[in-house]
Amino acid sequence: MANSKNKHNDLSKPERSTNETEETGETEAEEALSESRNQLIIDTGIVATNAKHAIHCLTIIGQIEGHYILPPQNKTTKYEHIIPALVAIEQDPEIEGLLIILNTVGGDVEAGLAISELIAGMTKPTVSIVVGGGHSIGVPLAVSAKQSFIVPSATMTIHPVRMNGLLLGIPQTLSYFDRMQERIINFVTKNSGISASRFKELMMKKDELVMDVGSVVDGDTAVKEGLIDSLGGLSDAVQCLYDMIESENEEKNAKRPSNRKKSTKKQPSKTRPRKNTVPSEIEPQRAVSLLNMICRGEIILEDGMFKAAEGN
């Protein structure tokens, strides 16, 4: 009875067809692929795997967090996360370029300079675009890429170095601030088209900010001052990065030696057999003329060739 009941239960269960099994397998594979792509975006920043070129999108947003942890309600970019990501991008052969999107209020000066120096020292094509704002230490970050863009509505605040917390009002503190400020000026002027004197002038402007000295420049002004290379949006930045990647690939292909290696061995010279200058068949008139010349001793036949006789 038990066996017959089990058989009845087995028969009552509908068997899956081969087509249904294949469809289920395809759906699960698509879901797994979608999850892996989403995780790829989270982990590596690669936006699209089927694009023209594989680029890494690095976002620097909120406040640059340095040696001190900021409150949890602050939106921050941690430099201990960015630095190893930059090292991985530089080493990964599958990543062809780096796109940096900036919308930051600034933050820790040394952490921002450290990230900027790493970006400036990369060999891969790099493009930055400022959206919203690139304030304070965001200025060196914006100019650190090989090409920089800014949208028309974005702004950039340029002001002297400031520090929060307890400070000692002694000459050494002011000297430290001055040296740190010089580091920022040197980096910005080295990686952009603005002069040091003009950048200092914008930094020390007194009639623009209410609570501080400095300047706020919009996208168009930043380009005119030479601080940013071009005015444009996302498509312009991506296209510029594509052009840089393709130009670099062309240079690499041009420098690459051809697969054919020229042999340095000298090939043995082939001695061609001497052709018999006496034709097998001679016209009658020509034959008579040659025979007369031989009889007169004007020519002789030697080694299959007719030569002029000596003394003639």
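The preceding data block contains the structure.
Residues numbered from 1 in each chain as written. Predicted model: local features only at pLDDT ≥ 70, side-chain atom pairs only at ≥ 80, totals over all residues. Heavy atoms only, no water.

**A few points about the nonpolar core**
Line of reasoning, step 1. In this structure, Met156, Phe199 and Leu227 are the most contacted members of the largest nonpolar core, which totals 54 residues.
Line of reasoning, step 2. When residues of this core are assigned to their parent elements, the largest contribution, seven residues, is made by helix α9 (residues 234-255).
Line of reasoning, step 3. With sequence-adjacent residues up to four places away left out, Phe199 is seen in contact with Val139, Ile158, Ile185, Val188, Ile194 and Leu227. (Core = buried A, V, L, I, M, F, W, Y, C linked by side-chain atoms within 4.5 Å. Buried < 20%, exposed > 50% of the residue type's maximum accessible area, 1.4 Å probe, protein only. Helix = DSSP H or I, 4+ residues; strand = E, 2+ residues; numbered from the N terminus. Contact = heavy atoms within 4.5 Å.)

**Here we look at helix α7 (residues 196-203)**
Line of reasoning, step 1. Along α7, the residues classified as buried are Phe199, Leu202 and Met203. With its buried residues spanning 105° around the axis, α7 presents them on a single face.
Line of reasoning, step 2. Structurally, α7 contributes buried residues whose contacts are with α5 (138-143), β6 (155-158), α6 (171-190) and β7 (215-218). (Arc of directions from axis to C-beta.)

**Focus: the pattern of salt bridges**
Line of reasoning, step 1. Summed over all chains, the structure comprises eight salt bridges.
Line of reasoning, step 2. Linked by salt bridges that have partners in common, Arg198, Glu201 and Glu225 make up one network. (Salt bridge = Lys/Arg side-chain N within 4 Å of Asp/Glu carboxyl O.)

**Observations concerning the side chain of Ser192**
Line of reasoning, step 1. The residue Ser192 is located in the loop between α6 and α7 in this model.
Line of reasoning, step 2. Among the residues examined, Ser192 registers a relative accessible area of 16% and is labelled buried.
Line of reasoning, step 3. Separated by 2.6 Å, the side chain of Ser192 and the backbone oxygen of Val188 make a polar contact.
Line of reasoning, step 4. In this view, Ser192 contacts Val143, Gly226 and Leu227; residues no more than four positions away in its chain are not counted. (Polar contact = N/O pair within 3.5 Å; in protein donor to acceptor, adjacent residues only side chain to side chain.)

**Quick notes on helix α4 (residues 109-120)**
Line of reasoning, step 1. Taking 1.5 Å as the rise per residue, α4 with twelve residues should run 16 Å; its terminal C-alpha atoms sit 16 Å apart, in good agreement.
Line of reasoning, step 2. Those residues of α4 lying buried are Val109, Ala111, Gly112, Leu113, Ile115, Ser116 and Ile119.
Line of reasoning, step 3. On the buried face of α4, the contacting elements are β1 (55-65), α3 (79-91), β3 (97-107), α5 and α6.
Line of reasoning, step 4. For α4, the N-terminal cap is Asp108; the gap from its side-chain oxygen to the backbone nitrogen of Glu110 is 3.1 Å. (Expected span 1.5 Å × (residues − 1).)

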